[in-house]
Amino acid sequence: MTIGVLPDTMLQDMITRGEIAAEPAIIPEQIQPASLDLRLGTVAYRLRASFLAGKGQKVSHRLHDFEMHRMALTDDGVVLEKGCVYLVPLMETLALPEGVTAVANAKSSTGRLDLLTRLITDDGTEFDRIPEGYNGPLYAEICPRSFSVLVRPGMRLNQIRFRAGQAVLSDAELKILHQQEPLVDGPAVIDEGLGFSVDLKPAEGDLVGYRAKPHTGVIDIDKIGHYPARDFWEEVRASDGRIILDPGAFYILVSREAVTIPPDHAAEMAPYLAMVGEFRVHYAGFFDPGFGHGAAGGTGSRGGLEVRCHEAPFALEHGQVVGRLVYERMAEEPRQLYGKDIASNYQGQGLKLAKHFRMG
């Protein structure tokens, strides 16, 4: 098999061979350029603590140690409450062939709701990572951090990406790629990936981000453009290129750089070193082929930053490096590109909330 991240055409081949299976069957809308959306099943378990199955252990067996109660997910929807931990079996299962590994991540809109969603598996010793040869079920651990949410069976909160072999570009390869086709609209800071920084000096006005309000109503994840942003978010403004992050608060900011992902590459956003500051950036990490690319209608798209401050207030400065994009080569170019052939909510984006909110 060709080395690289597997594109949509190869994902379809895996489905045909039964290496990716589901009940009910996978629908075309789940297949993205370089990933597969995963669907919630029909039951949610409220847990007293997050857990991993551990070597030689099944999630279903460990569940008895942590389950508080279970709820049937129905078409009417069930509320997952802020601050609680839930486990939901997914509709999809895997039978990975040798040489193919997988990594999962929250979808963009999931991350922008501060809805911590992680994949766990049987025999698992870490979240969101699946080794070659894995044969078994998949589960989503869901922890709403800022807002309580209403969920239903079939909702797609996280996604999975498959790769054959070592696909990550070295810094030397990344520099060559940037010379061939600029990956950012300014100087490229390349150090174990492509560094990106925060924009706190917008070209117009002083609005630099949004902070989640602490006491809000429930968000029905199926409702798009429905909720007035002012009911859930406070505007964050800066006149001097600096903001103070409050411990425990969740912010939506934006990168200073406009980023491009060429059609034959994919990328994953990784948090910056913890020593830089007491905060975490970005829960939703997949950037599909074509993101910000001119051929897909992007012409450079800025990355949305989901920022949570930890123990101490922290002064964030304009241009401060807060994360990095790790680029990977595709095994082959996908049939569809992000933003061109599919409905992509964040192509060409600037500062933008999740698709569930409307401004004004």
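Q: What should I look at first to understand the packing of aromatic side chains in this one?
A: The relation between two aromatic rings is expressed through the spacing of the ring centres and the mutual angle of the planes. Counted by the stated rule, this structure contains nine aromatic pairs. Ring plane angle 80 degrees and centroid distance 5.7 Å describe the contact between Phe147 and Phe232, whose orientation is recorded as edge-to-face. Placement of the pair is Phe147 in the loop between β11 (135–144) and β12 (149–151) and Phe232 in the loop between β17 (227–228) and β18 (233–237), with a sequence separation of 85 residues. Residue classification places Phe147 among the buried residues on the basis of a relative accessible area of 1%. On the basis of relative accessibility, which here comes to 5%, the residue Phe232 falls in the buried class. Summarising the aromatic geometry, the rings of Phe287 and Phe291 are spaced 4.8 Å apart at their centres and angled 75 degrees between planes, so their arrangement reads as edge-to-face. Among the residues examined, Phe287 registers a relative accessible area of 6% and is labelled buried. Among the residues examined, Phe291 registers a relative accessible area of 5% and is labelled buried. Over the face of the ring belonging to Phe286 we find Arg161, whose NZ or CZ atom lies 4.3 Å from the ring centre.

Q: Just to check I follow, could you spell out helix α4 (residues 171–180) for this structure?
A: At 3.6 residues per turn, the α-helix brings residues three or four places apart onto the same side. All of the buried residues along α4 are Leu174, Leu177 and His178. Each buried residue of α4 lies within a common arc of 100 degrees when the element is viewed along its axis, so the set occupies one face. Turned more than 90 degrees away from the buried face of α4 sit Gln179 and Gln180, all of them exposed.

Q: Is there a simple way to think about the pattern of salt bridges in this case?
A: Oppositely charged side chains can form a pair if their charged atoms are brought close together. Under the defined criterion, the tally for this structure stands at 22 salt bridges. The partner of Asp114 in a salt bridge is Arg308, and the shortest N-O contact between them spans 2.1 Å. Pair noted here: Asp114 is in the loop between α3 (108–112) and β9 (115–121) and Arg308 is in strand β24 (residues 301–309), with a separation of 194 residues, a long-range link. Asp114 gets classed as buried once you look at its relative accessible area, which sits at 1%. Look at Arg308 and you get buried, because its relative accessible area is 5%. For the salt bridge of Glu328 with Arg163, the shortest nitrogen-to-oxygen distance reads 2.7 Å. Of the two residues, Glu328 sits in strand β26 (residues 321–329) while Arg163 sits in strand β13 (residues 158–164), which places them 165 residues apart along the sequence. The buried category is assigned to Glu328, whose relative accessible area is 1%.

About the cut-offs
Residues numbered from 1 in each chain as written. Predicted model: local features only at pLDDT ≥ 70, side-chain atom pairs only at ≥ 80, totals over all residues. Heavy atoms only, no water. Phe/Tyr/Trp six-rings, centres within 6.5 Å; stacked < 30°, edge-to-face > 60°. Helix = DSSP H or I, 4+ residues; strand = E, 2+ residues; numbered from the N terminus. Buried < 20%, exposed > 50% of the residue type's maximum accessible area, 1.4 Å probe, protein only. Lys NZ or Arg CZ within 6 Å of the ring centre and 35° of its normal. Arc of directions from axis to C-beta. Salt bridge = Lys/Arg side-chain N within 4 Å of Asp/Glu carboxyl O.

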